[in-house]
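The residues making up each chain are set out below.
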Amino acid sequence: MLDTLDTMTSHQTTQTMKPATAAKKLGVYLEATPAEFQEGVVSRAELNALQSDPPEWLQELRRNGPHPRPVVASKLGVSIAGLARGGVTEALTTEQIDALKHEGPEWLEKERATQAEVRKEAVRIKERDAARAAEKADRD
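What this report covers is the structure whose coordinates are included nearby. Remember, predicted model here, so these are calculated numbers, not experimental data.

Focus: the side chain of glutamine 115
Phase 1: Within the secondary structure layout, glutamine 115 lies in helix H9 (residues 106–139).
Phase 2: Residue class for glutamine 115 comes out buried when judged on its relative accessible area of 16%.
Phase 3: Excluding its chain neighbours within four sequence positions, the residues that come into contact with glutamine 115 are Gly77, Val78 and Ser79.

As structure tokens, then:
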């Protein structure tokens, strides 16, 4: 029985992921990555290497884009849904994001205000829940 367990644990399979998953974890737009990245699979070790020591193409994408919508939303201080409401459905470059910030369209200001309210409400709920937990702990 022990011999069987030894052979079972010694066969470690390499965990791999699709390029889309790896791109998402790296915070880059898949269509802007090199062809060899898009066409292959990425192992966990390769992903870790890309994160710890990013090659020039990855540094360039992170710096100038095009950026995927979650990154665009974060850089603009809005939600992904807010981007869609504002008509932004495609990846944007850093230059395009900066131009939007500079122009300050009405939809962007409105979505930023909405996002600020959402964050304030989240803090309020967290504080309320912490107070309730403290009260419960005092009673118990």
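Things to note about the packing of helix H2 (residues 19–26) against helix H4 (residues 44–52)
Phase 1: One can describe the packing of H2 onto H4 by two numbers: an axis separation of 11 Å at closest approach and a directional angle of 30°. Comparing the axis directions of H2 and H4 gives the class roughly parallel. The handedness of the crossing between H2 and H4 is right-handed. For the pair H2 and H4, contact is made by Ala22, Lys25 and Leu26 and by Arg44, Leu47, Leu50 and Gln51, respectively.
Phase 2: Along the lines of polarity and charge, the residues of the contact of H2 with H4 split into four nonpolar, one polar and two charged.

Description of the layout of surface pockets
Phase 1: As a volume, the largest pocket reaches approximately 270 Å³.
Phase 2: If you go around the largest pocket, you meet 13 residues; those closest to its centre are Val28, Tyr29, Pro68, Arg69 and Pro70.
Phase 3: Those elements that place two or more of their residues in the lining of the largest pocket are H2 and helix H6 (69–76).
Phase 4: Sorting elements by how many residues they give to the lining of the largest pocket places H2 first, with three residues.
Phase 5: When the residues that make up the lining of the largest pocket are grouped by side-chain class, the tally is eight nonpolar, two polar and three charged.

Basis of the calculations
- Residues numbered from 1 in each chain as written.
- Predicted model: local features only at pLDDT ≥ 70, side-chain atom pairs only at ≥ 80, totals over all residues.
- Heavy atoms only, no water.
- Helix = DSSP H or I, 4+ residues; strand = E, 2+ residues; numbered from the N terminus.
- Buried < 20%, exposed > 50% of the residue type's maximum accessible area, 1.4 Å probe, protein only.
- Contact = heavy atoms within 4.5 Å.
- Axes fitted to C-alpha atoms, helices over the stretch in contact; angles between N-to-C directions.
- Parallel < 35°, antiparallel > 145°, perpendicular 65-115°, else oblique.
- Left-handed = near helix turned anticlockwise from the far one by under 90°.
- Nonpolar A, V, L, I, M, F, W, Y, C, P; charged D, E, K, R; others polar.
- 1 Å grid on protein atoms, 1.4 Å probe; cavity = no way out; pocket = protein on both sides within 12 Å on 5 of 7 lines; lining within 4 Å.
- Points joined across faces, edges and corners; volume = space filled by probe spheres on them.

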